[in-house]
Amino acid sequence: MPSNNENPVNASLSDRKKKTKRLSAEASELVSLKSCRSNMAYDNSMIDEIQARLAYNLLFKLLECGRGGEKTLTSVVQPAEITTLLDCIKLVFMSQPSCVEIDGPINICGDTHGQFSDVLRMFDKAGYPHRANYLFLGDYVDRGRHSLENILLLFCYKLIFPNHFFLLRGNHECPSINKVYGFYEECSKRYEKGGSKMWEDFQDTFSTMPMTAVIGQRILCMHGGISPRLSSLDKLRAFRRPNYQPSHDQIEIDILWSDPSNTGKGWNPNQRGVSYTFGTDALRKVLNSLNIDLVVRAHQVVQDGYEFFGQRRLVTVFSAPFYCGQFDNAAAVMTVNEDLVCSFQILRPKKYFPKRRIQVD
Ligand SMILES: [Mn+2]
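This is a predicted model, so every value here is computed, not measured.

Below, the discussion takes up the overall build of the protein chain. When you go through the protein chain residue by residue, the secondary structure sums to twelve helices and 14 strands. For the protein chain, buried positions account for 44% of its 361 residues.

Here we come to the nonpolar core. Ranked by size, the top nonpolar core spans 98 residues in total, and within it Ile108, Cys156, Leu168, Ala213, Cys221 and Val317 carry the most contacts. No other element matches helix H6 (residues 147–160), which puts ten residues into this core. Residue contacts for Leu168: discarding those within four places in its chain leaves Phe136, Leu137, Gly138, Met209, Pro210, Met211, Thr212, Ala213, Cys221, Met222 and His223.

In this section: unusual backbone geometry. The amide bond that connects Gly104 to the next residue, Pro105, takes the cis arrangement and shows omega of 5°. Mapped onto the fold, Pro105 is located in the loop between strand E1 (99–102) and strand E2 (106–109). Cis geometry marks the peptide bond from Arg241 to Pro242; its omega dihedral reads 0°. Turning to its location among the elements, Pro242 is positioned in the loop between helix H10 (233–237) and helix H11 (251–257). At Asn291, a position not held by glycine, the phi torsion is positive, near 60°.

Next up on the list: the pairing of strand E5 (residues 212–215). Each regular strand carries side chains that alternate between the two faces of the sheet. Here E5 shows two buried faces, one formed by Thr212 and Val214 and the other by Ala213 and Ile215. Pairing between E5 and strand E6 (residues 219–221): three bridges, direction antiparallel. By the bridge assignment for E6, Val214 is matched with Leu220. A loop of three residues connects E5 with E6, the two strands running antiparallel in sequence, and Gly216 in this loop sits at a positive phi of about 55°.

Time to look at the UniProt feature "active site" (unreviewed entry) in the protein chain. In the numbering adopted here, UniProt assigns the feature "active site" (unreviewed entry) to His172. The topology assignment puts His172 in the loop between strand E4 (165–167) and helix H7 (175–178). His172 has contacts with Asp139, Val141, Asp142, Ile177, Asn178 and Tyr181, leaving out every residue within four places of it along the chain.

All right, on to the UniProt feature "domain: Serine/threonine specific protein phosphatases" (unreviewed entry) in the protein chain then. UniProt records the feature "domain: Serine/threonine specific protein phosphatases" (unreviewed entry) for residues 168–173 in the present numbering. From the first C-alpha to the last, residues 168–173 spans 9 Å; its make-up is 0% helix and 0% strand.

In this model, helix H9 (residues 195–206) (twelve residues) spans 16 Å end to end at C-alpha, consistent with the 16 Å of a helix rising 1.5 Å per residue. For H9, the set of buried residues is Trp199, Phe202, Gln203, Thr205 and Phe206. Viewed end-on, H9 has its buried residues packed into an arc of 160°, placing them on one side of the element. Elements in contact with the buried residues of H9: helix H4 (79–95), H7 and helix H8 (183–190).

Another aspect to go through is the packing of H4 against H6. Running from N to C, H4 and H6 point in directions that differ by 50°, and their axes come no closer than 10 Å. Viewed along their axes, H4 and H6 adopt a mutual orientation that is oblique. Helix-helix and strand crossings are classified by hand; for H4 and H6 the assignment is left-handed. Residues Ile82, Leu85, Cys88, Ile89 and Val92 of H4 pack against Leu152, Phe155, Lys158 and Leu159 of H6. Classifying every residue of the contact of H4 with H6 gives eight nonpolar, no polar and one charged.

How each quantity is defined
Residues numbered from 1 in each chain as written. Predicted model: local features only at pLDDT ≥ 70, side-chain atom pairs only at ≥ 80, totals over all residues. Helix = DSSP H or I, 4+ residues; strand = E, 2+ residues; numbered from the N terminus. Buried ≥ 20, exposed ≤ 12 C-beta atoms within 10 Å, placed from the backbone. Core = buried A, V, L, I, M, F, W, Y, C linked by C-beta atoms within 7 Å. Contact = placed C-beta atoms within 7 Å. Pairing = 2+ DSSP bridges. UniProt positions renumbered as here; feature names shortened; annotations may be inferred. Expected span 1.5 Å × (residues − 1). Arc of directions from axis to C-beta. Axes fitted to C-alpha atoms, helices over the stretch in contact; angles between N-to-C directions. Parallel < 35°, antiparallel > 145°, perpendicular 65-115°, else oblique. Left-handed = near helix turned anticlockwise from the far one by under 90°. Nonpolar A, V, L, I, M, F, W, Y, C, P; charged D, E, K, R; others polar.

Spelled out as structure tokens, the structure:
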């Protein structure tokens, strides 16, 4: 661990109370410092004391697990605590629009796929959410070994900073996918008999998540990509929730699944078996009609953590370094400043990078 006194990971158990107070103070400072013009109905003052205590308690337990101590998630977090958090988060998502419209400055992250220790490394580098605004582009669960820690950490931050921390839905936040690719197994193995009910509760919450964001009216963000049916931003604003399992005849499925393609022109069937791929020509046409400059999306591993496409009208951001332990890709965080100038922070994988030891139960 870097010795950074400002880092909440370093909060000792006895310091919790003091730290909670300090974080609350910084939270309100951040609200006044960084004006986030937005179409949000929900504001921080609506978080009542009980919700705040729940979120901070859970947050500190998760950060404690992330320090690589002896404690495991299941020994310190009870299923009832998770259920209550999920109930609160659902209300926050539903109180905010389907298409989140915000301004910079904001950090944008791509897929994290249960790589909890890498998410903490990313916050070490780019700033914890009490210091910086964040937008995540989905795919928090499956593949990695710590989907539960990862999604719970992000949900805690969402509850604490509802107007400065945003989470979009990815194609893995759908029951047909995360039943098969690891999350269901993780819930049911780690929480045994309560696990499958807990997995269901997560699906109910995922079904309320927003799918798109627009930053400064110029940058469109989503998990997968654009759609041939995307003729105006109003289509994105009209997404109905809860949407338990987006179906193939909905524009939502393209937003979660589509990919850019260097080989094909226009729209072609996606080799994933779902949705389309789109060429530079299709991208330019859609973006010009929407009056959007840039698409920021995730969904594909890219070697440097970010990769431009189509004369820089689209960028892929991927934030799971050493993805699945099978790639040697870097991870990236994209920073958009107040003037919508974009830059990237890269987490380079090192061959012998000392990993955080996190207990798995
Ligand atoms: Mn994906």
